[in-house]
Amino acid sequence: MADWQDREHPDTIVLFDVDGTLTPARRAVTPEVAELLKVLKKKVVIGFVGGSDISKQQEQLGPNVINEFDFAFSENGLTAYRLGKQLASQSFIGWIGEEKYKKLANFILKYIVDLDIPKKRGTFIEFRSGMINVSPIGRNCSIEERNEFEAYDKIHNIRPKFVQTLKDAFSDYSLTYSIGGQISFDVFPTGWDKTYCLKHIEAERFKTIHFFGDKTYEGGNDYEIYTHPEITGHSVKNPDETIKKLKELFNI
Ligand code: M1P
């Protein structure tokens, strides 16, 4: 498309997961990554696709992120921007309906009431446009409490057990549960995973679509897009590895 003629490779797009790939989980991007992205943008089209909502991505990647990236995909692309302009969004509540949602939310909150974990804070369900995010400790815990919960969860499998209970109780709901971060999991209609963002770039007819992510294993929230037949996937452990692979791949 004409918009990308200023790039060395206008038919190539590179998409990035955010947490664990461009930034440490829920933390800000480093100047080194930000600088590298500027150089990369001269060569190819760039975008990010994260599970979080846009306000968290603005905190992490900068307030002007929808203009700095050619494509900004929040909530797996259920909220999307192209060159700073918003594209069509999806509504989780519109899809599920109030009655079914109420049953799901009540079940989740009752489960959390009975959950015996060391600390509980606030915001156990975050209601977003295209999904809900559920956190057993509560989203407004501190960074230290977030790290503690993650370590505790690795031993006690609080989130995997919670997810399994919801899968069993709501097997007729066509929902997918995705553990993408440290303290929570995302719940969205099956199919609204990160591959959803590809609908927004179909018309651009890119010849190569690269994707960089850290949770590329089965069950991780990068798995579906990483293994998609049209994607050249790159699995990384952290932002440093993203930098290293980008430098090798694009001769930067
Ligand atoms: O981007 C990955 C995840 O980041 C956050 O997870 P947590 O707060 O558990 O570390 C959330 O915004 C989540 O929705 C998102 O998938």
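Everything quoted here is computed from the prediction, not taken from an experiment.

Definitions and limits used
Throughout this description, residue numbers start from 1 for each chain and increase along the sequence as written. This being a predicted model, a pLDDT of at least 70 is required before a residue's local features are given, and a value of 80 or more before pairs of side-chain atoms are given or counted; all residues contribute to the totals for chains, interfaces and linings. Only hydrogens and water are set aside; all other atoms, that is, all heavy atoms of the structure, feed into the side-chain values. What counts as a helix is a DSSP run of H or I of at least four residues, what counts as a strand is a run of E of at least two, and both are numbered from the N terminus. Any residue under 20% of the maximum accessible area for its type is buried, any over 50% is exposed, and the rest in between are partly exposed; the area is computed with a 1.4 Å probe on protein chains only. Note on definitions: a residue-residue contact is assigned when non-hydrogen atoms from the two residues lie within 4.5 Å. Accessible surface is estimated by sampling points in the Shrake-Rupley manner with a 1.4 Å probe; for residues, cover comes only from the protein chains shown. Charge counting follows a simple rule: Lys and Arg are positive, Asp and Glu are negative, and His as well as the terminal groups are ignored. Where a charge lies is defined by one atom per residue type: Lys uses NZ, Arg uses CZ, Asp uses CG and Glu uses CD. Residues belong to one nonpolar core when they are buried, are Ala, Val, Leu, Ile, Met, Phe, Trp, Tyr or Cys, and are joined through side-chain atoms within 4.5 Å.

*Asks:* Sorry if this is basic, but what is going on with the overall build of the protein here?
*Replies:* When helices and strands are counted, the protein shows nine helices and 11 strands. Dimensions of the protein, computed from C-alpha atoms along their principal axes, come out at roughly 55 × 35 × 30 Å. The burial tally for the protein puts 53% of its 252 residues in the buried class. When contacts within the protein are restricted to residue pairs at least 6 apart in sequence, long-range pairs at least 24 apart make up 63% of them. Accessible surface, the protein as shown: approximately 11800 Å² in total, 50% of it carbon and sulfur. Taken together, the 33 basic and 37 acidic charged side chains of the protein have centroids lying 1 Å from each other.

*Asks:* Please explain the nonpolar core as it appears in this structure.
*Replies:* Side chains of a nonpolar character, in soluble globular proteins, are inclined to be buried together. By size, the foremost hydrophobic cluster in this structure holds 27 residues, and its most contacted members are Leu104, Ile108 and Ile132. Every element with two or more residues in this core is listed here: helix H4 (92-96), helix H5 (98-113), strand E7 (132-134), helix H7 (158-169), strand E8 (175-178) and strand E9 (185-189). A per-element tally of this core places H5 first, with six residues. Beyond its immediate chain neighbours, meaning those up to four positions away, isoleucine 108 contacts Ile125, Ile132, Val134, Phe162 and Leu166. In terms of nonpolar packing, the next biggest core, distinct from the first, is built from 24 residues, Leu40, Val44, Ile46 and Phe250 among them.

*Asks:* Please explain unusual backbone geometry as it appears in this structure.
*Replies:* Trans is the common state for peptide bonds, and a negative phi is the common state for residues other than glycine. We note that asparagine 76 has phi near 65°; this positive angle belongs to a residue other than glycine. Summarising the element assignment, asparagine 76 is placed in the loop between strand E3 (71-74) and strand E4 (79-82). Positive phi outside glycine occurs at serine 174, with the angle close to 55°. Examined against the element boundaries, serine 174 turns out to sit in the loop between H7 and E8.

*Asks:* Quick question: what am I supposed to make of the side chain of threonine 79 here?
*Replies:* Along the polypeptide, threonine 79 turns up in strand E4. The contacts of threonine 79, once residues within four sequence positions are left out, are Ala72, Phe73, Ser74, Gln86, Ser89 and Ser129.

Taken by themselves, the reported measurements are silent on function.
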